[in-house]
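For reference, the chains in residue letters:
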Amino acid sequence: MKAIVVLALFAAGVAALTEEEVWLQYNRRMPGEYYTKGLVELPPFQGRIFGGVEADIANYPYQLSLRRASHSCGASVISANWALSAAHCTFPVPAPGVITLQGGSSDRTSGGVVFQVEQIINHPQYDDWNLVNDVCVLRTTTPLSGVNIAIIALDPVGATHAVGSRAVLSGWGLMEGSVLPAILRRVDIPVVDQGACETAWGSGWVTPDMICASEPGRDACNGDSGGPLVVGGQQIGIVSWGDTQCVGTRPGVFARVAFPLIRNWIAQTTGV
């Protein structure tokens, strides 16, 4: 079974939804009403992140909030006019005016700079059922620049990372007590052996375009989708899916930036 982190939201009906409903609109970690995959559901555990701490955007200037009226996913700055996120956050692709990107503020509710988006492109081989090639790029109308806004380098094609390498995950995803944090949070998690990850999830779910990272008590959760996983100053992953409990019981799964079909597409589409 497969379950992911948050959502995206259609423009229609935004005003009628609470902030939490915005976050959960496309959520595949939480079972029940918002579970969109048609897969076997897990018990209704509350989503949360253990082990995270508040973070200063100055230390993560590549971090963006992908917004549909309010925060719905994470994203990252990869060039002057391009941001990177998960395709499940923008599927089906909405009109560009529906989405904005906020950068430069630790507080997702205020401050920073809000950028208008003029083009959204999902990977042409993205599969919304099994989340293969879960990557999208967004082009802004003005340069992604300002105080505490900076580009993150991307893993080159074919790059690998040793099992146990410590990776940094940042975002505004749910934390303990199912609280939607206003202030950016971060958590350090280790890269997980690919074979062990495949075994934990069962045959066929974890594919070569994915990389796994988490440990008991530390994981991504609802609201973190599309956000960056970083090792040594380079983005190696994009938050994609994981366990409904959000506590690292089974490894968290990320789109693998270095996977040739993903990395080459990013380069061909954005020049990065």
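Look above for the structure.
Let us look at the structure shown here. (Residues numbered from 1 in each chain as written. Predicted model: local features only at pLDDT ≥ 70, side-chain atom pairs only at ≥ 80, totals over all residues. Heavy atoms only, no water.)

Regarding the state of the cysteines
In step 1: Enumeration according to the criterion identifies two disulfides in this entry.
In step 2: Between the sulfur atoms of C73 and its disulfide mate C89 the distance is 2.2 Å. Residues C73 and C89 are joined through a disulfide that is left-handed, its torsion about the S-S bond being -95 degrees. Remark: C89 occurs in the loop between β4 (82–85) and β5 (100–103) and C73 occurs in strand β3 (residues 70–77); sequence separation between them is 16 residues. In this structure, C73 and C89 share a single accessibility class: buried.
In step 3: Distance from the sulfur of C136, which forms no disulfide, to the nearest cysteine sulfur (C89) is 6.7 Å. (Disulfide = S-S within 2.5 Å. Helix = DSSP H or I, 4+ residues; strand = E, 2+ residues; numbered from the N terminus. Buried < 20%, exposed > 50% of the residue type's maximum accessible area, 1.4 Å probe, protein only.)

Quick word on the pairing of strand β12 (residues 228–231)
In step 1: Because side chains alternate across β12, one face comprises the buried residues P228 and V230, and the other comprises L229 and V231, equally buried.
In step 2: Bridge count between strand β9 (residues 166–171) and β12: two bridges; the pairing is antiparallel. Within β12, the position partnered with V168 by the bridge is V230.
In step 3: When β12 meets strand β13 (residues 234–241), the two strands line up antiparallel, connected through four bridges. If you follow L229 over to β13, its bridge partner there is G237. (Pairing = 2+ DSSP bridges.)

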